[in-house]
Amino acid sequence: MCLSTVYKTRNGEQTKMAEYVSGIRAEGKRITVTDIMGTETVMFGTLKSMDLVTNQIIIEDDAE
């Protein structure tokens, strides 16, 4: 089973937001990730990349 880690970037700084992510749902700027235990984490930003080899999801924080 391949699970991903979600990172949020802002001004070049990267912060780990969620681990063991099994699902992701993007609705405009609202991004909801669900981990293997069913816990949902909601964040706002732009989905920049999903690397399915390294299991990394990058979300860019749009807050100014």
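Treat the numbers as computed from the prediction; the structure is a model and nothing was measured.

Visitor: Help me out: how do you make sense of the pairing of strand 3 (residues 30–35) in this one?
Guide: When a strand is regular, its side chains alternate between the sheet's two faces. Examined bridge by bridge, strand 2 (residues 13–27) and strand 3 share six bridges and lie antiparallel to one another. The residue of strand 3 that forms the bridge with Val-21 is Asp-35. Where strand 2 folds back onto strand 3 in an antiparallel hairpin, the turn is made up of two residues, including Gly-28, whose phi is positive at roughly 65°. What sits between strand 3 and strand 4 (residues 40–44) in their antiparallel hairpin is a turn of four residues, with Gly-38 showing a positive phi close to 90°.

Visitor: Quick question: what am I supposed to make of unusual backbone geometry here?
Guide: Leaving glycine aside, a negative phi is the common case for residues, and trans is the common case for peptide bonds. Its identity is not glycine, yet Tyr-20 carries a phi of approximately 55°, on the positive side. Take Tyr-20: it is sitting in strand 2. The backbone of Asn-55 sits at a positive phi, close to 60°, despite the residue not being glycine. Position of Asn-55 among the secondary structure elements: in the loop between strand 5 (46–51) and strand 6 (56–60).

Visitor: Explain the pattern of salt bridges to me, please; I cannot follow it from the model alone.
Guide: Pairing is possible between side chains that carry opposite charge, provided their charged atoms lie close to one another. Scanning the entire structure with this criterion turns up six salt bridges. Here Lys-16 ties to Glu-19 by a salt bridge, and the two come within 3.2 Å at their closest N and O atoms. On the basis of relative accessible area, Lys-16 is assigned to the partly exposed category, the value being 45%. On the basis of relative accessibility, which here comes to 37%, the residue Glu-19 falls in the partly exposed class. Close ionic contact of Glu-60 with Lys-48 constitutes a salt bridge, the shortest N to O distance being 3.8 Å. Within this pair, whereas Glu-60 is found in strand 6, its partner Lys-48 is found in strand 5, the two being separated by twelve residues in sequence. Connected via shared salt-bridge partners are Arg-25, Glu-27 and Glu-40.

Reading the values: the criteria
- Residue numbers run consecutively from 1 along every chain, following the written order of its sequence.
- Given that this is a predicted model, residues contribute local features only at a pLDDT of at least 70 and side-chain atom pairs are listed and counted only at 80 or more, while totals for whole chains, interfaces and linings are drawn from all residues.
- To get the side-chain values, take all heavy atoms of the structure and skip hydrogens and water.
- Only strands that DSSP links by at least two bridges are regarded as paired with each other.
- Comment: elements are numbered from the N terminus, with helices defined as DSSP H or I runs of at least four residues and strands as E runs of at least two.
- When a carboxyl oxygen of Asp or Glu lies within 4 Å of a side-chain nitrogen of Lys or Arg, that pair is called a salt bridge.
- Buried means the residue's accessible area, taken with a 1.4 Å probe over protein chains only, is under 20% of the maximum for its type, while exposed means over 50%, and partly exposed covers the values in between.

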